[in-house]
Each structure stands twice: as C-alpha cells, then as structure tokens.
Amino acid sequence: MAATSISMVACTKFSTLGWIGGRKREVRKRRVFSVSAQQDAEVKETRQMKDEKVEKPRTPLRPVERQVNVKSKNMSVQMGGQWLSSVTRHIRIYAAYIDPETWEFDQTQMDKLTILLDPTKEFVWTDDTANMVFSYFQELVDHYEGAPLTEYTLRLIGSDLEHYIRKLLYDGEIKYNMDARVLNFSMGKPRIMFNHNEGQPQDVQ
Amino acid sequence: MQGRLSAWLVKHGLIHRSLGFDYQGIETLQIKPEDWHSVAVILYVYGYNYLRSQCAYDVAPGGLLASVYHLTRIEYGVDQPEQVCIKVFAPRNNPKIPSVFWVWKSSNFQERESYDMLGIFYDNHPRLKRILMPESWIGWPLRKDYIAPNFYEIQDAH
C-alpha cells in the first residue's frame, strides 16, 4: 500500500472528463473539458445559474488538458497496479487518467482523478446539470486536499456526489431517463413536487 | 464463590479476579492485560490446549474494551471437559493486549477480526491488519462511539 500514501497535496490537476448518458442513438457521446489547469484561466464558466436559491458560486472547473498517445499502463497485478476507485451506480471515480476517446486507462498518473458520470444513463443530463456535478466534484476535491489518497477518501467524495445527484433529482433539476436499459428508479420512484415546500399537494378529502 | 481454576491460580500466586459463572456454569476470570501472556502460557501448560473461541466487545460507551477467550481442556476419555472463560479488559484510548497467537495458533484470524472491529492492538501478533473492512477504512465499526460515514447505498431501487 505504498502507493496509497501519496498525499493529495500534489494533486494540482484533476481530470474531470465525463461522459453522460443521453439517448441511445448517441451512445458514444461524451464531453471533454479542455480547460487548462490554472485556476484563473477560465472564468467564463460563470454561466447564468438558473436556480436562484443557490447563492454560492460554483467552483470553477479545472480539468487537465488533453493528452495524446495515452496508453493503458500499470493495469496488471504483476506490475503492482491496483485499482484505486470509487464505483457506485452514477459516479465512478478513478485515480488515473482515462482518455475520453480511446478509453486508454493510464494508472500511472495517480495525481489525477477521473470521474465518469452516470455510465448507465439513468438520468437525462444536460451540459448545465453535468457541470453542476463536475463543479461540485471539483469543490470536494479541493476540500479533501491533503487527505490520504485512499479508497475511503474517494468513496467519501463519490458518496457526497451521489447525495448531490439525489438532491438534484429531488429538486427537479434532472430527470430519469425513460429510455434507460434498466429502469428501476434507484433514487426513488418519480413523484410530483417532492421538495417544493410552498406547494405541497393537498390531500383530497 | 470460587471455581477450581481460580483456586488453582491462587495457590500458585497468579493475579486474577473471579467474575463468577456464566449461565452454563463455566467459570469466568478476569486477567490484567500485562499478566495475560504469562497466564496464557501457564494455562496452556495446565492443560487448556484448545481455544474454542475468541471474541471482543465494547463494554460501555466511553468504557473499556474486552477481549474474551473460551478455553477447553481436551483429553481422551473425558465427556465433560474443563472449560474456562477469560476476559481481558483494556482501556479505550490505548487498547493493548498481548496476542495469544504463539500459544494457540487458532487465534490468528480471530484477533485480526477483533482488531478490525474494535481496534484492540494485539502485541506480537504476526499479521495484525484489517480482515473484514477495506484496509483504508477509518475507525472501528463495532465500538459504541463509532459513527458510520453516510456512504451512498442503493436503498430505493426496486
């Protein structure tokens, strides 16, 4: 477990490459953020937040730049490779660089975290909602800076993201994808006006 | 009320405290952690050659941690073997108990599980690491003051 004692202080860059469940015809559709890693580089992401109740500005995304010629490395046990990941249904976080085109999985770059958002396409994602998740991921990664890079920490991050996705669902920001392969409503059955405090549906007497 | 083993230990000047008998009439003794290794060797020499079970529990919130050993004396031609239950209590902030692995080898995984669940450090254990939880887990899940992290689980799926 010598590799896991690497501190997250060294993590100045994170790759937030994601691919997002869409329609079935666009199976290989994925999104790549090619913003450079400096914090002040890209401020234009402050697109209008359509939810007024969030007064906190979003954490700007700092994805790593695209790499060319990525090869799958350090995957085998003989090479000492070990999967450092947090895998739940909607969030997969790997301590590795994953090429968004070829899906080469470079485990030697453990200073980067790659998130795959909703691989089973259970929700309908737009650019905006996906960026909300990604910016929350960036915020969590900044929050856990200095924590040991272990599965426990990654699972804390992944679980917080899952709770955030649930909150988005309850707030009506995202919807279930009715064309998903498995339609089992893993975050609760669809319902009307779940989290609206002002307009509780009245029981019919 | 003193059992046979307690009387034998008193005769040989070994420090212990009798905790009475459990519901099956098995004698229960408390041994201090610093005496436990030597007493374990003496009990093995006495004839307790079988460690039937080892477990651990958290006595009370903020209280002590206990490591429990059930010993049996296996002999030929005996249908009512001698049994004894040993409890070793350790403080919560520095729970150190000598391992009995070098006396009864079968305590290997049992003590690892006790370490994993309650954080009791067994001295001289050959491979004291987590056995049930992932190695990077933080905290001791069976302690009474443990707070589970709110990891995401699928609860509503049907």
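In the block above lies the structure referred to throughout.
The structure reproduced in this document is the subject of the present report. Because the structure is predicted, anything quoted here is derived from the model rather than measured.

## Examining the pattern of salt bridges
Residues and elements named next belong to chain B.
- Applying the stated criterion across every chain yields a total of 11 salt bridges over all chains.
- Here E75 ties to R73 by a salt bridge, and the two come within 3.7 Å at their closest N and O atoms.
- Its relative accessible area of 18% is what places R73 among the buried residues.
- K96 is the partner of D123 in a salt bridge, and the nearest nitrogen-oxygen pair spans 3.5 Å. Of the two residues, D123 is situated in strand β7 (residues 121-123) and K96 in strand β6 (residues 96-98); the sequence distance between them amounts to 27 residues.
- Classification of K96 as partly exposed rests on a relative accessible area of 42%.
- One connected set of salt bridges, linked through shared partners, spans R4, R73, E75 and E82.

## What about the interface of chain B and chain A?
- Between chain B and chain A, the residue contacts involve 14 residues of the former and 21 residues of the latter.
- Summing both sides of the interface, chain B and chain A together bury roughly 1600 Å²; the carbon and sulfur share of this comes to 59%.
- At the junction of chain B with chain A, the criterion picks out 0 salt bridges.
- Where chain B touches chain A, the interface holds 3 residue pairs in polar contact (both at pLDDT 80 or more).
- Its residues assigned to classes, the side of chain B that touches chain A shows 7 nonpolar, 4 polar and 3 charged.

## Considerations on the sheet that holds strand β3 (residues 50-58) of chain B
Residues and elements named next belong to chain B.
- With mixed pairing, the 5 strands of this open sheet are ordered in space as β1-β2-β5-β4-β3. This sheet does not close on itself; its edge strands, each paired only once, are β1 (17-21) and β3. Neighbour to neighbour, the strand axes of the sheet diverge by 20 degrees on average, direction disregarded.
- Relative to strand β5 (residues 83-90), strand β4 (residues 65-72) runs antiparallel, the two being bridged by 8 bridges. By the bridge assignment, A66 is partnered in β5 with F89.
- Against the sheet, helix α2 (residues 33-46) makes contact with β2 (27-31), β4 and β5, and its axis sits at roughly 160 degrees relative to β5, the strand it touches most.

## Quick notes on the environment of M132(A)
All names here are of chain A.
- In this fold, M132 is placed in helix α1 (residues 127-143).
- In this structure M132 comes out as buried when scored by relative accessible area, which is 4%.
- As a C-alpha pair, M132 and T153 span 21 residues in sequence and 21 Å in three-dimensional space.

## A look at the nonpolar core
- One finds I93(A), V133(A), L161(A) and I165(A) to be the most contacted residues of the largest nonpolar core, which totals 34 residues.
- Among the elements of the structure, β2 (91-94), β5 (114-117), α1 and α2 (151-170) of chain A are those that each provide at least two residues to this core.
- A total of 8 residues in this core trace back to one element, the largest contributor, which is α2(A).
- Beyond its immediate sequence surroundings of up to four residues, I165(A) is in contact with H90(A), I91(A), L117(A), F123(A), W125(A), V133(A), I174(A) and M187(A).
- Residues W36(B), V103(B), M117(B) and I120(B) belong to the second largest nonpolar core, which totals 28 residues.

## Describing α2(B)
All names here are of chain B.
- Taking 1.5 Å per residue as the helical rise, α2 with its 14 residues ought to reach 20 Å, and the 20 Å between its terminal C-alpha atoms agrees with that figure.
- Burial in α2 covers these residues: P33, D35, W36, V39, A40, L43 and Y46.
- Each element contacted by the buried residues of α2 is listed here: α1 (4-11), β2, β4, β5 and β6.
- A positive phi of about 135 degrees marks G47, the residue just after α2.

Basis of the calculations
- Residues numbered from 1 in each chain as written.
- Chains lettered and ligands numbered in written order.
- Predicted model: local features only at pLDDT ≥ 70, side-chain atom pairs only at ≥ 80, totals over all residues.
- Heavy atoms only, no water.
- Salt bridge = Lys/Arg side-chain N within 4 Å of Asp/Glu carboxyl O.
- Buried < 20%, exposed > 50% of the residue type's maximum accessible area, 1.4 Å probe, protein only.
- Helix = DSSP H or I, 4+ residues; strand = E, 2+ residues; numbered from the N terminus.
- Contact = heavy atoms within 4.5 Å.
- Buried area = accessible area lost by both parts, 1.4 Å probe.
- Polar contact = N/O pair within 3.5 Å; in protein donor to acceptor, adjacent residues only side chain to side chain.
- Nonpolar A, V, L, I, M, F, W, Y, C, P; charged D, E, K, R; others polar.
- Pairing = 2+ DSSP bridges.
- Axes fitted to C-alpha atoms, helices over the stretch in contact; angles between N-to-C directions.
- Core = buried A, V, L, I, M, F, W, Y, C linked by side-chain atoms within 4.5 Å.
- Expected span 1.5 Å × (residues − 1).

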